[in-house]
Amino acid sequence: MNLGNCPRCGKLYTLNLRELCPACMKLIEKEYEKCVTYLREQKGATIHEVSEATEVSVRQITKFIKEGRISIANAPNLAYPCEVCGILIRESNMCDSCRTRLTRELRQATSTDQDHKTGSTHERQTYRAVDNERKY
Ligand SMILES: [Zn+2]
Ligand SMILES: [Zn+2]
């Protein structure tokens, strides 16, 4: 039996796949229900409005969205903060400018490895006539 501290409330509990103690899991389910109910009525709500109305943290709502439990397809104003700068986005983990900057930095770090594609060398196929061996 694996015991660990719940990252949310700090209580000791038997480790499970959800990484939360049963009490917190139940709490989060309740929070999820609250968000979904609110969004069903307030389709144009922003993440901050949902957070204020339901008292669920923006971080937790972001988690629901990223887990695919809350769909932003039907909520035009619902977006979550970029992991780096906090600007509101609707896809991936970070905004475009952070991603662009990160890829640029990454490219510089891995030096300029330009792969020169070698042009296909003309390989002349030599036709080899095979002499039939005659058996006498
Ligand atoms: Zn807990
Ligand atoms: Zn950003």
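Relevant structure appears above.
Quick caveat: nothing in here was measured; it's all calculated off a predicted structure.

Caption draft 1: Region of interest: the overall build of the protein chain. Along its length, the protein chain carries four helices and four strands. When the helices and strands of the protein chain are listed from N to C terminus, the series reads β-β-α-α-α-β-β-α. Within the protein chain, contacts between residues separated by at least 24 positions form 23% of all contacts whose residues are at least 6 apart in sequence. Here the protein chain displays about 11,500 Å² of accessible surface, and carbon together with sulfur accounts for 49% of that area.

Caption draft 2: Up close: the coordination of the zinc ion (ligand 2). Protein-derived coordination of the zinc ion (ligand 2) comes from Cys82 (SG), Cys85 (SG), Cys95 (SG) and Cys98 (SG), at a distance range of 2.3 Å. Given four donor atoms and angles of 100 to 116 degrees at the metal, the environment of the zinc ion (ligand 2) is assigned as tetrahedral. When the donors of the zinc ion (ligand 2) are listed by position in the chain, the intervening gaps give C-x2-C-x9-C-x2-C. Of the two residues, cysteine 95 and cysteine 98, neither departs from the other in class, the shared state being buried.

Caption draft 3: Region of the structure containing the packing of helix α1 (residues 22-41) against helix α2 (residues 47-54). Contact geometry of α1 with α2 gives a least axis separation of 10 Å together with a crossing angle of 120 degrees. With respect to their mutual orientation, α1 and α2 come out oblique. Of the two possible hands of crossing, α1 and α2 adopt the one that is right-handed. For the pair α1 and α2, the contacting residues are Lys34, Cys35, Tyr38 and Leu39 in the first and Glu49, Val50, Ala53 and Thr54 in the second. In the contact of α1 with α2, the residues fall into five nonpolar, one polar and two charged.

Caption draft 4: Inspection of the environment of glutamate 31 at higher detail. Within the secondary structure, glutamate 31 sits in helix α1. For glutamate 31, a relative accessible area of 12% puts it in the buried group. For the pair glutamate 31 and serine 57, spaced 26 residues apart in sequence, the C-alpha separation works out to 9.3 Å. Among all residues touching glutamate 31, those that are not within four sequence positions of it are Arg8, Val56, Gln60 and Phe64.

Caption draft 5: Summary view of a nonpolar patch on the surface. On the surface, Met1, Leu3 and Leu12 cluster together into a nonpolar patch covering about 410 Å² of accessible area. Since its relative accessible area comes to 86%, methionine 1 is described here as exposed.

Caption draft 6: Focus on the environment of tyrosine 80. Its location among the elements puts tyrosine 80 in strand β3 (residues 80-81). Residue tyrosine 80 is classed as buried on the basis of its relative accessible area of 5%. Contact partners of tyrosine 80, with chain neighbours within four places excluded, come to Ile47, Thr62, Ile65, Lys66, Ile72, Ile87, Leu88, Ile89, Arg90, Glu91 and Ser92. Within the structure, tyrosine 80 has its side chain in polar contact with the backbone oxygen of serine 92 (distance 2.8 Å).

What counts as what
Residues numbered from 1 in each chain as written. Chains lettered and ligands numbered in written order. Predicted model: local features only at pLDDT ≥ 70, side-chain atom pairs only at ≥ 80, totals over all residues. Heavy atoms only, no water. Helix = DSSP H or I, 4+ residues; strand = E, 2+ residues; numbered from the N terminus. Contact = heavy atoms within 4.5 Å. Areas by Shrake-Rupley, 256 points an atom, 1.4 Å probe, with all protein chains shown as cover. Donors = N, O, S within 2.8 Å, 3.2 Å for Na, K, Ca; no water. Tetrahedral: all angles 85-135°; square planar, octahedral: opposite > 155°, others 65-115°. Buried < 20%, exposed > 50% of the residue type's maximum accessible area, 1.4 Å probe, protein only. Axes fitted to C-alpha atoms, helices over the stretch in contact; angles between N-to-C directions. Parallel < 35°, antiparallel > 145°, perpendicular 65-115°, else oblique. Left-handed = near helix turned anticlockwise from the far one by under 90°. Nonpolar A, V, L, I, M, F, W, Y, C, P; charged D, E, K, R; others polar. Patch = residues over 30% accessible without salt bridge, like charges linked within 9 Å, V, L, I, M, F, W, Y side chains within 5 Å. Salt bridge = Lys/Arg side-chain N within 4 Å of Asp/Glu carboxyl O. Polar contact = N/O pair within 3.5 Å; in protein donor to acceptor, adjacent residues only side chain to side chain.

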